[in-house]
Amino acid sequence: MLVPLAALALGACATTDAPEREMGAARAMVSQARPVAAQNAPQELAQAQQKLARAEAAMQRGHHEHARILAEQAEADAKLAWTVAENVRVQRSAAEAQDGTRALREEIERNAQ
Amino acid sequence: MRFNPKLTVLASLIASACAVSPQATQQLEEARAAYRTAAADPAVQASAPAELKSAQDALQDAERMAQKGEPSELVEHNAYLAEQRARIALRTADIRRSEASIAAAAEERRRLQVEAREREAAAAREQARQAELQAQQAEMARKEAEARAAQLEHARIENEKQTTAQAELGAELKRLESELADMRAKQTDRGWILTLKNELLFDAGGATLKPGAQRALDNLAQFLTKYPDRDIAIEGFTDSTGTKELNQHLSEKRAWAVKAALVARGIQSTRIDARGYGPSFPVASNGTPTGRQLNRRVEIVIDPS
């Protein structure tokens, strides 16, 4: 009874192909997020990097299904990290743009007087 | 050790395949909530539709797997992806909003600059117009001042001429006066007036000029010839002896006779206005013979202009 069950559980790992595509996507997304997210979304970036590292380790051990899951999550986490950081950056730019507009308006009003 | 650890792991694996684990259930609920929030946001629908769709796909996978009793690990994994993608969709919408506000600010700055340039151009045009106006006004004022100065100068010259002419006229008349005993020249408000006594010109009661009057008339005609611009009025007066009508008639006839004599000496009749006033405007009392003699007179009024 125990042996076929164990074989089934292990077989699930053994029959799955290495998730190269998912790993590649996760690595690329983490690389893209790192420069912006390091400062503006460090927590989200750390989570993505941690999951990618675990995915790499799972790959090493041949746990392909586990690696696939971790890689997909790492990609999603990295994309969220990038989005959060990008949002901070863009909000700052928007505030600067509005300050610039206000300064220009004030300058024009001063000149008009 | 009552239980084989391997057995425990396997049992849990089997259980997870049959019923969704509490962690997976919780993750699924969180994913549903996150997806609802994102899907309900019109900004997400409008500006992050791809991100929202991928969250929806992952959530649907998770729901389907949960229903089919597939491993909780996979349900939880897809639910996790759905939750993260829903967050990504929300943030993406925020990014698009900020980008739009940056573009709007840039557009606003461009508009402000265009407006400012237009205002400056309008101000410059207005300044130029004002300067032009001021220049025109200054030119007008200058011309007016010039005209006024010219007028004043003209008036001064005219006045000088007139003064000189009046002085010459006065001198001439004084000369006439000195030549004729019975003539007086006098300057009045009406201009120069020559007064000739009747005795010089006429016999008593008559209006025919005496031969002795010829010299006076010659002198007068010469004077008028010398001053062709001056018109004269010949006014005859009597004393109050006799009827008023008779005196009026007599004074008129005498004035006309003097005029006729001057016209005969070549003076234009249009220059001479002859009138009789009878005993009106006496210059002395009619109560004495001397006074009456003074009142009987012919006055030659010389037009002052």
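A quick note: this is a predicted structure, and the numbers were derived from the prediction, not measured.

### A few points about the overall build of chain A
Next up, step 1: Within chain A, the secondary structure is distributed over 4 helices and 0 strands.
Next up, step 2: Counting helices and strands in the order they occur from the N terminus, chain A gives α-α-α-α.
Next up, step 3: Classification of the 113 residues of chain A by burial places 35% in the buried group.
Next up, step 4: Looking at chain A alone, contacts between residues at least 24 apart form 74% of all its contacts between residues at least 6 apart.

### Quick word on the environment of B:Glu179
Residues and elements named next belong to chain B.
Next up, step 1: Mapped onto the elements, Glu-179 comes out in helix α5 (residues 72-179).
Next up, step 2: For Glu-179, a count of 11 C-beta atoms within 10 Å gives the class exposed.
Next up, step 3: For the pair formed by Glu-179 and Asn-219, sequence separation is 40 residues and the distance between their alpha carbons is 9.2 Å.

### Describing the environment of A:Ala76
Next up, step 1: Residue position: A:Ala76 is located in helix α4 (residues 64-112).
Next up, step 2: Along the sequence, A:Ala76 and A:Met29 sit 47 residues apart, while their C-alpha atoms lie 8.4 Å from each other.
Next up, step 3: Apart from the residues lying within four places of it in its own chain, the contact partners of A:Ala76 are B:Leu81, B:Gln84 and B:Arg85.

### Let's talk about the interface of chain B and chain A
Next up, step 1: Counting from both sides, the interface comprises 25 residues of chain B and, opposite them, 26 residues of chain A.
Next up, step 2: Ranked by the residues each element gives to the side of chain B that touches chain A, the list is headed by α5(B), at 22 residues.

### Some thoughts on the sheet that holds strand β5 (residues 297-302) of chain B
Residue and element names in this part refer to chain B.
Next up, step 1: The sheet built from 5 strands is open, its strands ordered β1-β2-β5-β3-β4 with mixed pairing. Taken across any chain shown, the strands that pair with only one partner, and hence form the sheet edges, are β1 (183-188) and β4 (272-276). Averaged over all neighbouring strand pairs, the angle between strand axes comes to 20°, with direction disregarded.
Next up, step 2: Pairing analysis gives 6 bridges linking strand β2 (residues 191-197) to β5, with the strands arranged antiparallel. Note that in β5 the partner of Leu-194 across the bridge is Ile-300.

Rules used throughout
Residues numbered from 1 in each chain as written. Chains lettered and ligands numbered in written order. Predicted model: local features only at pLDDT ≥ 70, side-chain atom pairs only at ≥ 80, totals over all residues. Helix = DSSP H or I, 4+ residues; strand = E, 2+ residues; numbered from the N terminus. Buried ≥ 20, exposed ≤ 12 C-beta atoms within 10 Å, placed from the backbone. Contact = placed C-beta atoms within 7 Å. Pairing = 2+ DSSP bridges. Axes fitted to C-alpha atoms, helices over the stretch in contact; angles between N-to-C directions.

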